[in-house]
Amino acid sequence: MIEQEQFAKNIRDAGEAVKEAEEKACEMEAEEKKQFALLQVKAMGKGYKTVASQTTYADSSEEMYTARLNRGTAKAAIAAAKANLLAAEVEFKVWQTQMATIRQEKRVYGS
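These figures come from a predicted structure and were not determined experimentally. (Residues numbered from 1 in each chain as written. Predicted model: local features only at pLDDT ≥ 70, side-chain atom pairs only at ≥ 80, totals over all residues. Heavy atoms only, no water.)

### Overview of the overall build of the protein
Item 1. Within the protein, the regular secondary structure consists of 3 helices and 0 strands.
Item 2. Rg of the C-alpha trace for the protein: 25 Å, well past the compact-globule value of 13 Å for 111 residues, more than 25% over.
Item 3. Counting only C-alpha atoms and orienting by the principal axes, one finds that the protein spans roughly 85 × 20 × 15 Å.
Item 4. Every one of the 111 residues in the protein was classed for burial, and the buried ones make up 21%.
Item 5. When contacts within the protein are restricted to residue pairs at least 6 apart in sequence, long-range pairs at least 24 apart make up 68% of them.
Item 6. When the accessible surface of the protein is totalled, it reaches about 8,000 Å², and 59% of it is carbon and sulfur.
Item 7. Averaging the locations of the 17 positively and 17 negatively charged side chains of the protein gives two centres separated by 4 Å. (Helix = DSSP H or I, 4+ residues; strand = E, 2+ residues; numbered from the N terminus. Rg over C-alpha atoms; globule rule 2.2 N^0.38 Å. Buried < 20%, exposed > 50% of the residue type's maximum accessible area, 1.4 Å probe, protein only. Contact = heavy atoms within 4.5 Å. Areas by Shrake-Rupley, 256 points an atom, 1.4 Å probe, with all protein chains shown as cover. Lys, Arg positive; Asp, Glu negative; His and termini not counted. Charge placed at Lys NZ, Arg CZ, Asp CG, Glu CD.)

### So, the packing of helix α1 (residues 2-45) against helix α2 (residues 51-59)
Item 1. The contact between α1 and α2 brings their axes to 8 Å, and the two run at 120 degrees. It follows that α1 is oblique to α2 by the angle criterion. Seen from above, α1 lies across α2 with right-handed handedness. The segment α1 lies against α2, with Phe 36, Leu 39, Gln 40, Lys 42, Ala 43 and Met 44 engaging Val 51, Gln 54, Thr 55, Tyr 57, Ala 58 and Asp 59.
Item 2. Broken down by class, the residue content of the contact of α1 with α2 amounts to 7 nonpolar, 3 polar and 2 charged. (Axes fitted to C-alpha atoms, helices over the stretch in contact; angles between N-to-C directions. Parallel < 35°, antiparallel > 145°, perpendicular 65-115°, else oblique. Left-handed = near helix turned anticlockwise from the far one by under 90°. Nonpolar A, V, L, I, M, F, W, Y, C, P; charged D, E, K, R; others polar.)

### Focus: a nonpolar patch on the surface
Item 1. A surface patch of nonpolar side chains, amounting to about 250 Å² of accessible area, comprises Leu 86, Val 90 and Val 94.
Item 2. Mapped onto the elements, Val 94 comes out in helix α3 (residues 62-109).
Item 3. Residue class for Val 94 comes out partly exposed when judged on its relative accessible area of 44%. (Patch = residues over 30% accessible without salt bridge, like charges linked within 9 Å, V, L, I, M, F, W, Y side chains within 5 Å. Salt bridge = Lys/Arg side-chain N within 4 Å of Asp/Glu carboxyl O.)

### Description of the packing of aromatic side chains
Item 1. All told, the structure shown has 4 aromatic pairs when counted by the stated rule.
Item 2. Three or more aromatic residues joined by ring pairs make a cluster, and in this case those are Phe 7, Phe 92 and Trp 95. (Phe/Tyr/Trp six-rings, centres within 6.5 Å; stacked < 30°, edge-to-face > 60°.)

### Quick word on α3
Item 1. Taking 1.5 Å of rise per residue, 48 residues should cover 70 Å, and α3 covers 70 Å from first to last C-alpha, within 8% of that figure.
Item 2. Turning to α3, its buried residues number three or more, namely Met 64, Ala 67, Ala 74, Ile 78, Ala 81, Ala 88 and Trp 95.
Item 3. Within two residues after α3, Gly 110 carries a phi angle of roughly 65 degrees, on the positive side. (Expected span 1.5 Å × (residues − 1).)

### Looking at the side chain of Glu 32
Item 1. Take Glu 32: it is sitting in helix α1.
Item 2. Side-chain polar atoms of Glu 32 contact the side chain of Arg 68, separated by 3.0 Å.
Item 3. Apart from the residues lying within four places of it in its own chain, the contact partners of Glu 32 are Met 64, Ala 67, Arg 68 and Arg 71. (Polar contact = N/O pair within 3.5 Å; in protein donor to acceptor, adjacent residues only side chain to side chain.)

### Details of the packing of α1 against α3
Item 1. Their axes nearest at 8 Å, the elements α1 and α3 cross at an angle of 165 degrees. In terms of axis orientation, α1 runs roughly antiparallel to α3. The handedness of the crossing between α1 and α3 comes out as left-handed.
Item 2. A breakdown of the residues in the contact of α1 with α3 according to their chemical character gives 20 nonpolar, 6 polar and 11 charged.

### Things to note about α1
Since one α-helical turn is 3.6 residues long, residues separated by three or four positions face the same way.
Item 1. For α1, with 44 residues, the first-to-last C-alpha span of 64 Å sits near the 64 Å given by 1.5 Å per residue.
Item 2. In the core, the buried residues of α1 are packed alongside α2 and α3.
Item 3. A positive phi of about 105 degrees marks Gly 47, the residue just after α1.

Spelled out as structure tokens, the structure:
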């Protein structure tokens, strides 16, 4: 029973990591949108009148690059957390299969 609890704990921990990574990605996406809007307003203040020119100004800024890089990093963290969750689930399935094999052998060979 101890092994089952450890597997369950590993899966719960991995699920929590996925949740936290998803939250961070949403936060970074919101931060990116906020930064983009602020840079467009800044561009308007500098005399850029069209949306296209404001967008170009915002896109070419270092702040926008950093915001997008942060969002990309957060998305990568989601992928890593999901991979860890899948690994925990697979580890449990392997253990489950081993236990079923042992039970079957006991039935067949009568030990």
